[in-house]
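# Close look at the chain arrangement
So the chains spell out like this:
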Amino acid sequence: PSPIAFTRTTLPGRIVFGDGALAQLAPELDGGSLRRAMLIVSARQPKLAVPGRSALGHRMALEWNEVRQHVPRDLAERATVAASTADTDVIIAIGGGSTVGLGKAVAVSTGLPLVAVPTTYAGSEMTPIYGLTSGTVKKTARDPAALPKIVVYDPRLLTALPASIVGPSGMNALAHCAEALWATNHDPITDALALDGAGRLQSFLRRAYTTTDLAARGEVLLAACLAGIALGTVGTSVHHALCHLFGGMCDAPHAETHAIVLPYVIRYLEPAIPDTIARVAEVMKCDPTTLADNVWSLARSVGTPTGLRAIGITRDQIDAVAEAAVAENLVSPRPLDLRPIRSLLRDAWNGELPQ
Ligand code: NAD
């Protein structure tokens, strides 16, 4: 008998990818008879608001500019009220994962369709996962209503992305690819997407970081799309769970946290998943024993801060997150014991090559 056996649900959704694809937004909306758009674009991104408005034209009913990382619940509630009051029939989110995250929360609570135009490599636009934060607790949930109906990928919008965001955001995409490969319910189709994404990041992330080259930034955008599909299909594991604890408990910046923590998680998991490590190492063109070092070097070469201490996390917070991780019994291919997980996080705090 064949050893291949798996179950997989392919997520729905339409993708429009290409240089200048933002111009397709209006015909896409018209095709779905969508006429009253709520445009969500961060006040920090006036350069995205201008093309967003002009792409929507008379279809824009409301513009919402308040966007915060990790989507505070009260912000999502206010945006939902605004969407209903303005009688909108579609939510358009143009921006990074925080903007798309707010769009998802509004789409879930209103039932309106979401169209995402991502401008970072977060990959959230490809997943039905959304998060809301109350106080210091970030809760994530899956809901088909959170999955965008249409995603417009326009690499040109990413040529304005500062290198300091490109690097960690690209590493965030690599974390999605890696995690999808060791998630409990991974399958061969998802594996293929995740491995292709990881290979593209190895090949193009440095160039996308050091230059504004449209082709390189487009390759990384495609990798982020693949990473998002992979992660959205199979769900998360220990790496994301740890990073979410930092997000909720320490208000840590999302992409930087992922970029810093990933090599240490790889080192921690190595003994438990040697075959997976070997597959990732192959596409990243390194020896399996050096994968963690290679990922650490890639992260450093694209501007990832040196350790969690460099993004404002304290030693006490490290220990608190380690305890929370063990108490919450996070899903992990290698069981989480307090001592090794604390030592992993302390190494990530220092930022030296993973031990
Ligand atoms: P972000 O959206 O906060 O953006 C990072 C920074 O980039 C911000 O300062 C933003 O203003 C800036 N920026 C965005 N686009 C820009 C552009 N074109 N030019 C210049 N600056 C630009 O961060 P992110 O890393 O994209 O997303 C992080 C958030 O997304 C977190 O809340 C995370 O939980 C969520 N996320 C969710 C999923 C999911 O599947 N649900 C996946 C990944 C990330």
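Preceding this section is the structure that the text describes.
Residues numbered from 1 in each chain as written. Predicted model: local features only at pLDDT ≥ 70, side-chain atom pairs only at ≥ 80, totals over all residues.

## Digging into the site of the ligand
The test is simple: Throughout this description, a residue near a molecule or strand is one whose C-beta atom, derived from the backbone, lies within 6 Å of it. Helix and strand definitions follow DSSP, with helices as H or I runs of at least four residues and strands as E runs of at least two, each counted in order from the N terminus. The residue classification treats Ala, Val, Leu, Ile, Met, Phe, Trp, Tyr, Cys and Pro as nonpolar and Asp, Glu, Lys and Arg as charged. All others, Gly included, are polar.
The environment of the ligand is formed by 30 residues, the closest being Gly96, Gly97, Ser98, Thr120 and Ser124. Secondary-structure elements contributing two or more residues to the shell around the ligand are α4 (97-110), β6 (129-134), α5 (163-182) and α9 (254-269). The greatest single-element share of the shell around the ligand, amounting to 4 residues, is contributed by α4. When the residues that make up the shell around the ligand are grouped by side-chain class, the tally is 10 nonpolar, 19 polar and 1 charged.

## Examining the pairing of strand β8 (residues 150-153)
Applied cut-off: The exposure label follows from counting other C-beta atoms within 10 Å of a residue's C-beta, where the C-beta atoms are placed from the backbone and the thresholds are 20 or more for buried and 12 or fewer for exposed, leaving partly exposed in between. For two strands to be treated as a pair, DSSP must find no fewer than two bridges joining them.
Along β8, one buried face is formed by Ile150 and Val152 and the opposite face, lined by Val151 and Tyr153, is buried too. Across 4 bridges, strand β1 (residues 14-17) lies against β8 in parallel orientation. When the bridges of β8 are listed, Arg14 appears paired with Ile150. Here 2 bridges tie strand β5 (residues 114-118) to β8, and the two strands are oriented parallel to one another. Across the sheet, residue Val115 finds its bridge partner in β8, namely Ile150.

## Some thoughts on the environment of Ala310
Definition in use: Working definition of a contact: two residues with C-beta atoms, positioned from the backbone, lying within 7 Å.
Tracing the chain through its elements places Ala310 in the loop between α11 (291-301) and α12 (315-327). Judged by the 14 C-beta atoms lying within 10 Å of it, Ala310 falls in the partly exposed class. As a C-alpha pair, Ala310 and Gly351 span 41 residues in sequence and 8.6 Å in three-dimensional space. Setting aside residues up to four positions removed in sequence, Ala310 forms contacts with Pro305 and Gly351.

Any functional reading would require information beyond the geometric quantities listed.
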